[in-house]
Amino acid sequence: MQQLELVERTVPARTPNRLRVFVVVAAILVVVLVAIAIGFARKWPFSREAITAALQQESGRNVRIENFRRTYFPHPGAVADGVTFLSREGPGKPPPITVQKLTVEGNYLGLLAHHLNLVRAEGLRVLVPPFDERSSTTSFLANNTTLSIGKFVADGAEIDFASSHAGEPPLGFRMPKLALSSISPNRPVSFQSTVLVPLPPATVDVSGKVGPVKTGSISQTPLSGTYTVKEADLGVFGGIAGKLSGKGKFDGVLQHINTSGDTDTPDFMVTRSGHKVHVNAHYQAVVNGLNGDVALQPVTANFGKTTIVAQGKIQGESAASNQGKTVSLTFYANRARIQDLLRLFAKEDPPSMMGPIVFRGQVRVPPEDRPFLKRVRLQGDFGISGAQYTNPKTQKDVDVASAKARGEAEKVEDKNDKDHNDNYDPGKVLTNLKGHVVMQDAVANLSNLSFDVPGASAHAAGTYNILTQHVDMQGTVDLQTTLSKATTGAKSVLLKIMQPLMRDRKGHGSVVNLKVTGTYHNPNFSITPATK
């Protein structure tokens, strides 16, 4: 009872003190809030004038706002409709930046620290001027600011790169998602975006960091991140088809971005051949973020059991070029198969020849409005060792020709024993082929071409039209045996009489002239003795 009485006596004694403290604190808060309200009333940071002045200061351009309203609850801020950043060139020029709806949100404590929680730009459109005019836009990115922003969202943004040629439409990039975060002075900005790339059409997811912007030298602005490419449609280039996907990473500065990654194209096709080939590649490259030029160093592509290594450039013909990029590559393959290459470019299935091949050369593909095979310009050297033909009749013809060249004509031209001729197997002959090729306008000019089988060696030059498959070749064939021994019957007797008039091969064997015309599938061979 004594403890209970003590409590009853002490509670009333403390209550007035607590109440007085609460009243004092509440009064101070009211005075502070009134003072802040009076200050904001005199200079509200989200007024039409304040927002316009801030946008003009950051962009270095005059800004026009069609409609404007303030917001107070639950967050202080403003909403501006029809925001236009005017061109410095005058009213006749299109505005470089427009925003359908700009929403600014802050919080009352953050206002004292010049911090905004969120800026949302709906219907953002950016027009990037031609290359020679872009220097005038760098001040927008390089201006210093004391404002920090928690997050900037511009889903649905569009960026158009204007052409330097009158009448040509701009190159447009659409961004279904675009978000920047941690925006503050002299610090890198984090970004995350989904970009619809126009050429080749593809969806690219990219995230990373950019900045801080180097004042007066935007090209040295650092950036880094990762990206994923989804189903880039290669069919827009003409002559080829397939959907390319890939992923990679990048880092460096805007003018020199180091990037590496892997691509996968399960259905790559040169449309003329009609064969889908699974191609995957690993690449390292340097990208110029100011003009889009790419230096490949190197690219390793794999398809079938063939590996090709290439390096070179993808760039405009000049700094101000807006006509597309020219591909210039050097390439080589020390581990390749002729059947894999034929499957890419020829309609035959299976390919007409099989065997290992080595080659090296250069290729150039300018951005011309012509089919892919017409645009490709190629030169190089190749060598095929131990090749065989997949068509049994073709391989048998080569086998028989080799047997005749070795002086075994009587075994394969026994007219008195047709069954013997049909059943004779001269042995599987392996073919060696090498030469130099220059291809332009879909016509391959072949020189220093040599073709070897046991018993014979041919040397030729000529042309092959890839589109029409027309052949025009001529040269000579050195036979291991005399021409009379390469035939039988009356032809053999006649050639023995003519032998003194024919060119021989250092005292043994014969030389004949060879001419091949017609098409790849229906060639016409003409062989005549070479006279002294």
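Quantities reported herein were computed from a predicted structural model and do not represent experimental measurements.

How should unusual backbone geometry be read in this particular structure?
Note: most peptide bonds trans; most residues except glycine with negative phi. Omega for the bond connecting Phe 73 with Pro 74 falls within 30 degrees of zero, at 0 degrees, which places this linkage in the cis form. Tracing the chain through its elements places Pro 74 in the loop between β1 (63–71) and β2 (77–85). The residue Asp 441 is not glycine, and still its phi comes out positive at about 55 degrees. Note that Asp 441 resides in the loop between β22 (431–440) and β23 (443–453).

For this particular structure, what's the right way to read the environment of Thr 52?
Turning to its location among the elements, Thr 52 is positioned in helix α2 (residues 48–59). Separated by 13 residues in sequence, Thr 52 and Ile 65 place their C-alpha atoms 7.6 Å apart. The residues contacting Thr 52, other than those within four sequence positions of it, are Val 63 and Ile 65. From its side chain, Thr 52 meets the backbone oxygen of Arg 48 in a polar contact 2.8 Å long.

Help me out: how do you make sense of the pairing of strand β11 (residues 222–233) in this one?
It is a general feature of regular strands that their side chains alternate between the two faces of the sheet. Where strand β10 (residues 201–210) and β11 come together, eight bridges link them in antiparallel fashion. Bridged to Val 204 within β11 is Val 229. Sheet analysis places β11 next to strand β13 (residues 243–253), joined by 10 bridges and oriented antiparallel. Looking across to β13, one finds that Val 229 is bridged to Gly 246.

Which parts of the structure should I look at to understand the pattern of salt bridges?
Once their charged atoms are close, side chains differing in charge can pair, the charge on each being opposite to the other. A full pass over the atoms with the stated rule returns 11 salt bridges. When the shortest N-O distance is used, the salt bridge between Arg 337 and Asp 340 registers 3.0 Å. Residue Arg 337 is classed as partly exposed on the basis of its relative accessible area, which comes to 25%. A relative accessible area of 9% places Asp 340 in the buried class.

Basis of the calculations
- Residues numbered from 1 in each chain as written.
- Predicted model: local features only at pLDDT ≥ 70, side-chain atom pairs only at ≥ 80, totals over all residues.
- Heavy atoms only, no water.
- Helix = DSSP H or I, 4+ residues; strand = E, 2+ residues; numbered from the N terminus.
- Contact = heavy atoms within 4.5 Å.
- Polar contact = N/O pair within 3.5 Å; in protein donor to acceptor, adjacent residues only side chain to side chain.
- Pairing = 2+ DSSP bridges.
- Salt bridge = Lys/Arg side-chain N within 4 Å of Asp/Glu carboxyl O.
- Buried < 20%, exposed > 50% of the residue type's maximum accessible area, 1.4 Å probe, protein only.

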